[in-house]
Amino acid sequence: MSRRSAIRRTLAGAVVTALALAVAACGGGDDAATSAAQPDALNPSADLKTQKLTVSNWDAYMPEDLPAKFEQKFGSRVTVTKHATNEEVMAKLTAGGDSGIDVAFVSGPFAQALAEQGLTEPIHPELIPNLSNLYPEASQLAYDPGNKFSVPYTWGTTGLCYRSDLTGYDPDSWNDLLTPKPELAKKITMLQTDRWLMLPAQKALGYSANTKNADEMAKVKEKLLAAKPGLLAFDDTTFYERLVSGEAALVEAWDGWCNYGITDNAKIKFTVPKEGSDLFVDTMVILKTSKNKEAAHAFINYVLDPEIHTWTVENILYKVPNKAAMEKLDPALAKKYPNLAITPAELMQQETLVDLGEAATDYSRIVTEVAAS
Amino acid sequence: MRRTLERFTLLGPGLAYLTALMVVPLVLVLSYSLFQRGRFGGLVYEPTGENFARLVDPLYLDVVLTSVKLAGVTTVLALLLGYPTAYAIAKLPAKWKTVALIALVLPFWTNFLIRTYAWIVLLSPAGLVNDALTGWGLIDEPLQLLYRQPAIVAGLLYAYLPLMVLPLYAALERMDAELLEAAANLGARPARAFFSVTFPLTLPAVVTGCVFVFVPSIGNFVVPELLGGGQTAMVGNLVRDQFLKARDWPFGATLALAVVALLVVLLMIQAWSARRLQGGRDA
């Protein structure tokens, strides 16, 4: 008897009891997945005053006074809950039952995953007239062409963020990060989250950032393992501070976060490596379970208002896919933060991250292997 | 009959507490570990033994061994540092004892995350430690202290040292001074008296302190993340990553169960050795 079947047999008895318990405790979570995404008829003239909204967003990712302003204008009460990561809010949304959240801010691949599970409400464009403010490119995103279940909020790319005075040259390739010049060894950080930890090696090897090919993944792992000794750390949160302090000279960074470094030190520069990079999008989705779908649409429409959306660029220094908002920006801002001037056409040349499905496990495994090596 | 009722009344609240906060959650975690991963997180209710088979995967065993090693080194260092500290405090005059104990426990009232961040300030290349060393001319180039395993051990040691000192202090404080006098009268020098009398008498506290330090050390994931630069995976990080990154709740639950099982074994060893050492003394 193989080890695996021995384990199965031993567990068989326990499974029956546990199954009953778990089903009783958790309820059926996947029922929603079976029902096809049929748009419910929404009432465009619904009384928003009777609707309440719960919005889940990253901390400080939209204007602090937005809920109050929205409430003043439409009469719907807005409660904002905060999440630190996509995974955290996904855990709430996929746990089964009603999470109580009406609108969630999640990244593109996660919006796609929610939609494939039947957890999102189809977007009713007639309730979001401000969709016309978006760049045409913003409705051609690979994870959701035509904005059927998500509305893009911010977008950007990942690249090299560096201290030009410390590197002594202008890096232009992912290999500057993966196989650094000796004097830059241990002065380099890479992002820690699965997709972006893999990205430099994927692109340096000429692969897709969404690859599921086993041979390619093996080569990516090899390249990452070889790169690890040259790294100072894997870091998702303080890499720009490390640049400012001089602890690091070259880091992998999201363009918006590189801007946070530029605020403190003008010698910090950003570049998209010549091998190409990703296009990431943070989006807004409405949950199928929401009982306030008219207000949810009104909320998204309000966020796309040029006034409101400009706040996003000015305060969090991320690009927004909103043409009207970007045109309102003070040109001095794009001068100080050159990556704000990256055009939608340039962004679209990068590869849009999409959900990996089962292959997400392979990515996690490689990341664990690299971390444990 | 009345005795049974009485016992039940007395035990009831405790049992209810344990059932609600320990047995039920553990059974839930166990049931999670028997099912398959949902593609987007959560569970698919199809029983499988895969998760347990994955436990013996060399990759995860490696992570567990690294964790045991780091937690073990932390525990040994905590004992070597904690014992003299507890001894010194126990010998202080009563007034100063209180002051010393408060000083020992005080940092516990500050947020753990902030205290861990403080170590980054201490150990970074431009930090206080490197500044002092270069200032005294001991080194020319700043040392790379952060993002290495010793930095993790330093962080864990700092965090959990009081958990070693307190039980040792309690045992040393309780110890009958006349026993040492007797040892001296019988001709034992201080060192001999310490190893023949004091240390054996405090052995149960030593075991307790070691378990108190080892258990949270092995489960910690903040310190390896911040002071290890995400370059060393410990079992706590692995469990967290399964839930929050890999969206693999069943395997996360299985790993968590494995850690709990390891800790139960440790606590049993502690209980057994305490009873044995206690019994040995009474005999």
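Quick notes on the rules
- Residues numbered from 1 in each chain as written.
- Chains lettered and ligands numbered in written order.
- Predicted model: local features only at pLDDT ≥ 70, side-chain atom pairs only at ≥ 80, totals over all residues.
- Heavy atoms only, no water.
- UniProt positions renumbered as here; feature names shortened; annotations may be inferred.
- Helix = DSSP H or I, 4+ residues; strand = E, 2+ residues; numbered from the N terminus.
- Contact = heavy atoms within 4.5 Å.
- Buried area = accessible area lost by both parts, 1.4 Å probe.
- Salt bridge = Lys/Arg side-chain N within 4 Å of Asp/Glu carboxyl O.
- 1 Å grid on protein atoms, 1.4 Å probe; cavity = no way out; pocket = protein on both sides within 12 Å on 5 of 7 lines; lining within 4 Å.
- Points joined across faces, edges and corners; volume = space filled by probe spheres on them.
- Nonpolar A, V, L, I, M, F, W, Y, C, P; charged D, E, K, R; others polar.
- Patch = residues over 30% accessible without salt bridge, like charges linked within 9 Å, V, L, I, M, F, W, Y side chains within 5 Å.
- Areas by Shrake-Rupley, 256 points an atom, 1.4 Å probe, with all protein chains shown as cover.
- Buried < 20%, exposed > 50% of the residue type's maximum accessible area, 1.4 Å probe, protein only.
- Phe/Tyr/Trp six-rings, centres within 6.5 Å; stacked < 30°, edge-to-face > 60°.
- Lys NZ or Arg CZ within 6 Å of the ring centre and 35° of its normal.
- Expected span 1.5 Å × (residues − 1).
- Arc of directions from axis to C-beta.

K.L.:
Could you clarify how one ought to interpret the UniProt feature "domain: ABC transmembrane type-1" (unreviewed entry) in chain B in this entry?
P.N.:
Mapped onto this numbering, the UniProt entry gives "domain: ABC transmembrane type-1" (unreviewed entry) at residues 64-272 of chain B. Secondary structure over residues 64-272 of chain B splits into 79% helix and 0% strand, and the C-alpha atoms at its two ends are 25 Å apart.

K.L.:
Explain the interface of chain A and chain B to me, please; I cannot follow it from the model alone.
P.N.:
In many reports, interface size means the accessible area that the parts give up when they come together. Between chain A and chain B, the contact holds 46 residues from the first and 39 residues from the second. Carbon and sulfur atoms make up 59% of the surface buried where chain A meets chain B, a total of about 3,800 Å² over both sides. Here chain A and chain B share 2 salt bridges between them. The partner of R365(A) in a salt bridge is D57(B), and the shortest N-O contact between them spans 2.9 Å. Sorting the residues of the side of chain A that touches chain B by element identifies helix 1 (3-26), helix 4 (86-93), helix 5 (108-116), strand 6 (233-234) and helix 17 (360-372) of chain A as the ones contributing at least two each. Element by element, the count of residues in the side of chain A that touches chain B is highest for helix 1 of chain A, at 14 residues.

K.L.:
Which parts of the structure should I look at to understand empty space enclosed by the protein?
P.N.:
Here the idea is plain: a probe the size of a water molecule rolls over the atoms and shows the empty space left. For the structure on display, the rule yields 2 cavities of 30 Å³ or more. Estimates place the volume of the largest cavity at around 210 Å³. Together, 19 residues line the largest cavity, and Q192(A), V367(A), A371(A), D241(B) and K245(B) are the ones closest to its centre. Listing elements by their share of the lining of the largest cavity, those giving two or more residues are helix 8 (194-204) and helix 17 of chain A together with helix 11 (235-244) of chain B. With 5 residues, the top contributor of residues to the lining of the largest cavity is helix 11 of chain B. Considering only residue class, the lining of the largest cavity consists of 7 nonpolar, 7 polar and 5 charged. Of the volumes computed, that of the second largest cavity is approximately 40 Å³. Every residue along the wall of the second largest cavity is listed here: T361(A), S364(A), R365(A), T368(A), R54(B), Y60(B), Q242(B) and A246(B). When residues in the lining of the second largest cavity are grouped by element, the largest group, 4 residues, is from helix 17 of chain A. Split into classes, the residues belonging to the lining of the second largest cavity amount to 2 nonpolar, 4 polar and 2 charged.

K.L.:
Is there a simple way to think about a nonpolar patch on the surface in this case?
P.N.:
All names here are of chain B. Taken together, the side chains of Y17, L18, L21, M22, V23, L26, V27, V260, V264 and M268 make up a nonpolar region of the molecular surface, amounting to roughly 880 Å² of accessible area. At the level of secondary structure, the elements contributing two or more residues to the nonpolar patch comprise helix 1 (2-33) and helix 12 (249-282). Along the chain, the position of V260 falls in helix 12. Its relative accessible area of 33% is what places V260 among the partly exposed residues.

K.L.:
What is the right way to look at the packing of aromatic side chains in this model?
P.N.:
Two numbers describe a pair of aromatic rings. These are the distance of the centres and the angle of the planes. One pass over the structure, following the stated rule, counts 29 aromatic pairs over all chains. Consider the rings of F74(A) and Y302(A), whose centres lie 6.1 Å apart with planes at 85 degrees: the pair is edge-to-face. A residue pair is termed long-range when its members are at least 10 positions apart, and F74(A) in helix 3 (residues 66-74) and Y302(A) in helix 12 (residues 293-303) qualify at 228 residues. Assessed through its relative accessible area of 9%, Y302(A) is described here as buried. One aromatic cluster is present, built from ring pairs that chain together W58(A), Y61(A), F105(A), Y153(A), W196(A), F239(A), Y240(A), W254(A), W257(A), Y260(A), F280(A) and Y318(A). Above the plane of the ring of F251(B) lies R54(B), whose end atom (NZ or CZ) is 3.9 Å from the centre. When the ring centre of Y87(B) is taken as origin, the NZ or CZ atom of K91(B), which lies over that ring, is 4.7 Å away.

K.L.:
Is there a simple way to explain helix 9 (residues 214-227) of chain A in this structure?
P.N.:
Two residues of an α-helix separated by three or four positions point the same way, owing to the 3.6 residues in each turn. Residue and element names in this part refer to chain A. Taking 1.5 Å per residue, 14 residues should reach 20 Å; helix 9 reaches 20 Å between its end C-alpha atoms and fits that length. If you check which residues of helix 9 are buried, you get M217, V220, L224 and A227. Down the axis of helix 9, the buried side of the element spans an arc of 80 degrees, and every buried residue falls inside it. Across from the buried face of helix 9, at angles greater than 90 degrees, the exposed residues are A214, D215, E222 and A226. Of the surrounding elements, those touching the buried residues of helix 9 are helix 7 (175-178), strand 5 (188-190), helix 8 and helix 17.

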